[in-house]
Amino acid sequence: MQGPPPATAPGVPYGSPQQVPGPYQGAGNYGFQAQPMAFPGGFVPPPVQSQPTMDGTIWMPIPPSIPNCPPGLEYLTQIDQILIHQQLEVLEIVTGFEENNKYELKNALGQRIYFAAEDTDCMTRNCCGPARPFTMKIIDNLGREVIRLHRPLRCGACCCPCCLQELEVQAPPGTTVGYVVQNWHICLPKFTIQDEKRKDILKINGPCVVCRCCEDVHFEVMSLDETCPVGRISKQWTGIVREMFTDTDNFGISFPMDLDVKMKAVMLGACFLIDFMFFERSGN
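Every chain begins its residue count from 1, and numbering advances along the sequence as written. For this predicted model, a pLDDT threshold of at least 70 governs which residues receive local features, and a threshold of 80 or more governs which side-chain atom pairs are given and counted, while totals over whole chains, interfaces and linings are taken from all residues. To get the side-chain values, take all heavy atoms of the structure and skip hydrogens and water.

Caption draft 1: Here's a closer look at the pairing of strand β9 (residues 200-205). Burial here depends on accessible area, computed with a 1.4 Å probe over protein chains only, as a share of the maximum for the residue type. Under 20% is buried, over 50% is exposed, and the range in between is partly exposed. Helix and strand definitions follow DSSP, with helices as H or I runs of at least four residues and strands as E runs of at least two, each counted in order from the N terminus. Of all six residues in β9, five are buried; the element is thus mostly enclosed. Taking the residues that link successive antiparallel strands as the turn, the strand β8 (residues 190-195)-β9 hairpin has four residues, and the phi of R198 there is positive, at about 70 degrees. When DSSP finds at least two bridges between two strands, those strands are taken to pair. Bridging between β9 and strand β10 (residues 217-222) involves three bridges; their strand directions are antiparallel. The residue bridging K203 from the neighbouring strand is M222, located in β10.

Caption draft 2: The confidence of the model for the protein chain, seen in detail. The predictor reports its confidence for every residue as pLDDT, a score running from 0 up to 100. Across the protein chain, the average pLDDT comes to 79, with 69% of residues at 70 or higher. When the criterion is pLDDT under 50, residues 7-49 qualifies, and its contacts beyond four places in sequence or with other chains add up to 65 contacts. We call two residues contacting when some pair of their heavy atoms lies within 4.5 Å.

Caption draft 3: Just the side chain of Q86, in detail. Relative to the helices and strands, Q86 resides in strand β1 (residues 81-86). Two N or O atoms count as a polar contact when they lie within 3.5 Å, although within protein this holds only if one can serve as hydrogen donor and the other as acceptor, and sequence-adjacent residues are included solely when both atoms are side-chain atoms. A polar side-chain atom of Q86 sits 3.3 Å from a polar atom in the side chain of N101.

Caption draft 4: Highlighting the packing of aromatic side chains. When the centres of two rings from Phe, Tyr and Trp lie within 6.5 Å, Trp using its six-membered ring, the rings pair. Their planes under 30 degrees apart give stacked, over 60 give edge-to-face, and anything left gives tilted. Under the definition given, this model contains eight aromatic pairs. Arranged with centres 5.6 Å apart and planes meeting at 70 degrees, the rings of Y75 and Y114 form a pair that is edge-to-face. Taken together, the residues Y75 in the segment before β1 and Y114 in strand β3 (residues 112-118) connect sequence positions 39 residues apart. Summarising the burial analysis for this pair, Y75 and Y114 share the class buried. Their ring planes at 65 degrees and their centres at 6.5 Å tell us that F278 and F279 sit as a pair that is edge-to-face. Put simply, the rings of F191, F219, F251, F278 and F279 pair up and form one aromatic cluster. Here, a charge over a ring means that NZ of Lys or CZ of Arg falls within 6 Å of the ring centre while also lying within 35 degrees of the ring normal. Its guanidinium or amino end placed over the ring of Y179, R198 lies 3.6 Å from that ring's centre, counting from NZ or CZ.

Have a look at this one:
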């Protein structure tokens, strides 16, 4: 004769609860906030599903929707690091004609989060080179365009402070969430991350020499008063052959887990602007 089934506590959800990340300490109120959770008590259900693809690419599981989060940016609430791998364009190597750049964006586990593709016409790419204006479309694993980056044509000379580089970040397309604005400096790469209202949120400081052999190049993301480190954008060394004969680059972006998801998207845009300004070459 079987005994009664084991008692269970009423109202306890299945699975282990996940702690809500606390506010980031050290940089003050510079765009940081605990990410809103979809369920009370901080419980996050397991991902909805995984997305296997025909080419064997492993996508990051689809996270649940989150209130007040732009659609498609829910992925960014669950990560504190993005790895960006630019795809190798064989035709560009053979012919020397600049092709539209394409990138894979992955999390620390190697799962693809997004795919980014430049949308620029052939004449603009090959006449303007790295200084070209561009639109970058970033799609998720459902094929939705969740982020759009727009870089207008601006002066590429640092001696001209009146028309410096700028990039607009939209998420979803048509809704501006922030800007990346170059700050004039005689020898250092400097940028400001702004919100949708053009309010300064974070600063980015690069090294005096951005072309270094056999080592990574780091752009430090700082608090607005530039006293506290917040994150980092790193151009990773890919080897002497690839560095010399191609312009395909690898980047890493790190930020606090509880950084405002919109500012994470703007930091992503800053990485692409830095790539075009300092590491994109024409006439391979």
